[in-house]
Amino acid sequence: MDFETKNGHLMWDGCDTVALAQEFGTPLYVFSQTMIEEKCQELQRDFVEKYDNVRVAFASKAFSTLAMLKIIEKQGFSLDVVSDGELYTAVKAEFPAAHIEMNGNNKSIEELEMAIDYGVGRIIIDSLQEVALIAAIAKEKQRVVDILFRITPEVNVQTHSFISTGQKDSKFGIPIDEAILFPQIKQAIETPEVNFLGFHFHVGSQLFDNEAHLAAVGIALDLVRLVKERFDYTIKELNFGGGFGVRYTDADQPKPFSYFTDPMMAQVLAFCEEEQFPQPAIVIEPGRSIVAEAGISLHKIGAIKELPGLRKYVSIDGGMTDNIRPGLYEAEYTGILANKADQPAAETVTVSGKACESTDILVKDIELPTVEAGDIFATFSTGAYGYSMASNYNKLAIPAVVLTNDGQAECIVKRQTLDQIIQNEEIPSFLK
Ligand code: LLP
């Protein structure tokens, strides 16, 4: 991994990470605003400014905090939310409602009401009951809701099966089946409380190959043609989801956004020209690729256990509770000792977490300088799905989050206190 050092310490966005660990404590998530904005600028240059009528919607599940949503809003990007909590965070960040897109395969009535009350820009239908539900709520509130259908494009992707979503046997999306999708489309066209805009798909996550995206774009465009033929209805918007891969270790070779977006747009533009079709709005929904590499985690090394001839475990003061990805998806990470950043490797160790779970191993067999208690281990590329999937297992507190910007650092999420961990708990009267 590429990184800068100063006085033997890992530097992150102009900040000394060892000093950050001292000031804010560990475990600590550190996010570089500069690096997030660099990714956004790449999207601006190679997608938003390059093509007409296109948008980026940040998938907030990757990292949803008030400060992050401010960064996204400043870019003029839209926001994908999938729950009342993600929508609430957007509302509290004063994110423009018209730029919010609500996904989710099981939105509750309360969530739909909240979304319609707030006036979100799009609701993406992902179940067969939803058009009727939205219509009923919209009628009562005298609103018309812009909708898209999330379709299951039935493409297989090269990624961990746990983060693959576009295949036929999936809980996500509506199958492209005459008997299932077409009655939905007819209903949407005929329902005055909804404005049917088009289709959405998301094929999977952490992809390095554009094949699945391009196959799915072809399938979506076929549907655009079919909807015109069957219903004399013009599709106005297509959402191609996210899924663009990032570098977790040096083995990963991520591609620039344009590797995905240029051929997808070429396909759309060729289709529109051939069919004499007005170009629909094209939306992409990246999450991971905007924030993953901008984030690192800092942990303090504690217990060290050497099993001669077998393995040396070095334990950190967090683990699967702040990064469940290794345990859940066998995700690989790499890192360095932030306070010995210039020192050569001297031993091979396994970095383990402190949760009572055998799968709580952060990095297996990593070469580090001689590890001592008190060293700070920095894990790279933990910006996406780390904080957002953190838990209180073993009643461990959720760590603080710091945002850096060219030498400045401020806390954007305070460390959870022990009182906060139990603040909603009560002892029932019959136990007192
Ligand atoms: N849009 C939709 C509808 C999605 O379901 C997702 C991710 C995204 C966009 C953003 O995908 P991204 O660009 O981040 O790949 N927790 C897993 C990832 C789950 C992704 C679920 N959906 C992980 O840590 O790998």
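All values derive from a computational prediction rather than experimental measurement.

When you look at the site of the ligand in this model, what are you seeing that I'm missing?
Close to the ligand lie 18 residues; S205, E285, R288, R325 and Y385 are nearest. A distance of 3.2 Å separates an oxygen atom of the ligand from a polar atom in the side chain of K61. A distance of 2.9 Å separates an oxygen atom of the ligand from a polar backbone atom of G287. Contact with the protein chains removes 92% of the 590 Å² of surface that the ligand exposes when unbound. Looking at the shell around the ligand, its residues break down into 6 nonpolar, 6 polar and 6 charged. A domain-level breakdown of the shell around the ligand finds at least three residues from each of domain 1 (4-30 + 292-422) and domain 2 (33-288).

What is the right way to read the environment of H213 from this model?
Relative to the elements of secondary structure, H213 occurs in helix α8 (residues 211-231). On the accessibility criterion, H213 (0% relative accessible area) is buried. Each C-alpha atom, one on H213 and one on P153, is 9.5 Å from the other, the two residues being 60 residues apart in sequence. In this structure H213 touches F201, V203, L207, F240, G242, F244, F260 and M264, once residues within four positions along its chain are discounted.

I keep staring at the pattern of salt bridges and nothing clicks. Help me out?
Oppositely charged side chains are able to pair whenever their charged atoms sit close together. For the structure shown, the criterion picks out 21 salt bridges. In this structure, K107 engages E130 in a salt bridge whose closest nitrogen and oxygen atoms are separated by 2.5 Å. Of the two residues, K107 sits in the loop between β7 (100-102) and α5 (109-118) while E130 sits in helix α6 (residues 130-140), which places them 23 residues apart along the sequence. Both residues of the pair, K107 and E130, belong to the buried class.

So what exactly am I meant to see when it comes to the packing of aromatic side chains here?
Taken as a whole and assessed by the stated rule, the structure comprises 16 aromatic pairs. Measuring from centroid to centroid gives 6.2 Å for W12 and F380, while their planes differ by 40°, and the two rings are tilted. With W12 in strand β2 (residues 9-12) and F380 in the loop between β19 (376-379) and β20 (400-405), this residue pair connects regions lying 368 residues apart in the sequence. Given the relative accessible area of 4%, F380 is considered buried. Following the ring pairs from residue to residue traces out a cluster consisting of Y29, F31, F63 and Y387. R230 extends its terminal NZ or CZ atom over the ring of F182, reaching a point 4.9 Å from the ring centre. Looking at K255, its charged tip hangs above the ring of Y259, at a distance of 4.6 Å from the centre.

Thresholds applied
Residues numbered from 1 in each chain as written. Predicted model: local features only at pLDDT ≥ 70, side-chain atom pairs only at ≥ 80, totals over all residues. Heavy atoms only, no water. Near = heavy atom within 4 Å. Polar contact = N/O pair within 3.5 Å; in protein donor to acceptor, adjacent residues only side chain to side chain. Areas by Shrake-Rupley, 256 points an atom, 1.4 Å probe, with all protein chains shown as cover. Nonpolar A, V, L, I, M, F, W, Y, C, P; charged D, E, K, R; others polar. Domains from an automatic or database assignment. Helix = DSSP H or I, 4+ residues; strand = E, 2+ residues; numbered from the N terminus. Buried < 20%, exposed > 50% of the residue type's maximum accessible area, 1.4 Å probe, protein only. Contact = heavy atoms within 4.5 Å. Salt bridge = Lys/Arg side-chain N within 4 Å of Asp/Glu carboxyl O. Phe/Tyr/Trp six-rings, centres within 6.5 Å; stacked < 30°, edge-to-face > 60°. Lys NZ or Arg CZ within 6 Å of the ring centre and 35° of its normal.

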